[in-house]
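Topology and contacts: notes
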Amino acid sequence: MINSIPPVVPAGRMRALPQPEFELPGGLLLRPWAAGDVPALVESCLDPDILHWNRPALLTPAEAEERIARWHARWQDEEAAIWAVAPVGGGPAVGLIGIGDLDLAGGSGEILYWLLPAGRGRGVMVPATERVSRWAFEDLGLHRIRITHSVANPASCAIATKAGFPLEGTMRGALLHADGWHDEHLHARLRTDAPV
């Protein structure tokens with residue numbers, strides 16, 4: 001059966017683009033993850049806040065290196081776009097932001113993010129979310145981007161709202177955390193929404 005609905009984003013568009021870098025306020029930028037970020041990625045899996053809200057698996061340095069390589073491969077496979085939040089002048093990552101669960105044919109994806117203690121309190125995640133969203137809509141061509149988070153995580157809710165992702169509803173018992181099932185807020189933004 002031939003699908004009569006053309007893909008929102010044609011296959012091959014993402015892999016044809018180089019993964020860009022974006023400067024952010026406060027002397028930070030978004031850039032692809034690099035081998036020098038292995039210690040930061042290992043550290044992220046030990047941070048209590050990241051563990052609580054993001055459920056990462058503990059990583060050895062070798063496993064962290066493999067994960068970074070997999071993120072580069074996922075760009076080429078058009079499955080995800082993952083950036084490190086890092087100092088402009090160089091240095092290891094202090095956070096992560098990306099778009100996962102990409103459905104290019106359907107025109108959608110989900111933003112994910114976290115910050116290590118060195119990146120917190122600098123007001124970087126709202127502009128990072130806005131910048132990644134702008135790239136996803138204008139350069140990649142997505143139609144809809146969502147953010148989901150535990151209803152018990154007000155910081156994530158504030159980031160989503162300030163970045164122009166209105167709350168659409170609550171998904172009951174949507175994600176299992178170490179302390180049990182959490183209801184999740186669903187925020188979303190459309191390419192046709194007014195600029196933030």
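For the structure itself, consult the block above.
Below is a summary of the structure that appears in this document. (Residues numbered from 1 in each chain as written. Predicted model: local features only at pLDDT ≥ 70, side-chain atom pairs only at ≥ 80, totals over all residues. Heavy atoms only, no water.)

1. Examining the overall build of the protein
For the protein, the count of helices and strands is six helices and eight strands. The order of helices and strands in the protein, counted from the N terminus, is α-β-β-α-α-α-β-β-β-α-β-α-β-β. Taking 16 Å as the expected radius of gyration for a compact globule of 196 residues, we find that the protein reaches 17 Å, a close match to that expectation. Taken along the three principal axes of its C-alpha coordinates, the protein extends 45 × 35 × 35 Å. Among the 196 residues that make up the protein, the fraction classed as buried is 46%. A fraction of 62% describes how many contacts in the protein between residues 6 or more apart in sequence connect residues 24 or more apart. Summed over its atoms, the accessible surface of the protein is roughly 9800 Å², and 57% of this surface lies on carbon and sulfur atoms. Of the charged side chains in the protein, 17 are positive and 23 negative, and the gap between their average positions amounts to 4 Å. (Helix = DSSP H or I, 4+ residues; strand = E, 2+ residues; numbered from the N terminus. Rg over C-alpha atoms; globule rule 2.2 N^0.38 Å. Buried < 20%, exposed > 50% of the residue type's maximum accessible area, 1.4 Å probe, protein only. Contact = heavy atoms within 4.5 Å. Areas by Shrake-Rupley, 256 points an atom, 1.4 Å probe, with all protein chains shown as cover. Lys, Arg positive; Asp, Glu negative; His and termini not counted. Charge placed at Lys NZ, Arg CZ, Asp CG, Glu CD.)

2. As for the sheet that holds strand β5 (residues 108–115)
An order of β1-β2-β3-β4-β5-β6-β8-β7 is seen for the eight strands of this open sheet, with the pairing classed as mixed. Only two strands of the sheet have a single neighbouring strand rather than two, namely β1 (22–24) and β7 (167–177). When the angles between neighbouring strand axes are averaged without regard to direction, this sheet yields 25 degrees. The pairing of strand β4 (residues 95–103) with β5 spans seven bridges and is classified as antiparallel. Bridging across to β5, Gly 100 finds its partner in Glu 110. Against the sheet, helix α5 (residues 125–140) touches β1, β2 (28–31), β3 (81–87), β4, β5, β6 (144–150) and β8 (180–190), its axis set at about 30 degrees to β4. Of the strands in this sheet, β5, β6 and β8 are in contact with helix α6 (residues 154–162), which crosses β8 at around 10 degrees. (Pairing = 2+ DSSP bridges. Axes fitted to C-alpha atoms, helices over the stretch in contact; angles between N-to-C directions.)

3. Some words on the packing of aromatic side chains
One pass over the structure, following the stated rule, counts six aromatic pairs. Relative to Trp 83, the ring of Phe 22 lies with its centre 6.0 Å away and its plane at 50 degrees, an arrangement referred to as tilted. Pair noted here: Phe 22 is in strand β1 and Trp 83 is in strand β3, with a separation of 61 residues, a long-range link. Note on accessibility: Phe 22 and Trp 83 belong to one class, buried. Ring geometry for Trp 83 and Trp 135: centres 5.3 Å apart, planes at 80 degrees, overall edge-to-face. Of this pair, Trp 83 sits in strand β3 while Trp 135 sits in helix α5, and the two are 52 residues apart along the sequence. The burial state of Trp 83 is the same as that of Trp 135; both residues are buried. (Phe/Tyr/Trp six-rings, centres within 6.5 Å; stacked < 30°, edge-to-face > 60°.)

4. Structural notes on the pattern of salt bridges
What the rule picks out here adds up to eight salt bridges. Between Arg 15 and Glu 78 there is a salt bridge whose closest N-O contact spans 3.6 Å. On the criterion of sequence distance, the pair formed by Arg 15 in helix α1 (residues 13–16) and Glu 78 in the loop between α4 (61–76) and β3 is long-range, its members being 63 residues apart. Judged by relative accessible area, which is 40%, Arg 15 ranks as partly exposed. A salt bridge links Arg 120 to Asp 47; the nearest nitrogen and oxygen atoms lie 2.6 Å apart. Within this pair, whereas Arg 120 is found in the loop between β5 and α5, its partner Asp 47 is found in the loop between α2 (38–44) and α3 (48–54), the two being separated by 73 residues in sequence. Using a relative accessible area of 9% as the deciding quantity, one classes Asp 47 as buried. (Salt bridge = Lys/Arg side-chain N within 4 Å of Asp/Glu carboxyl O.)

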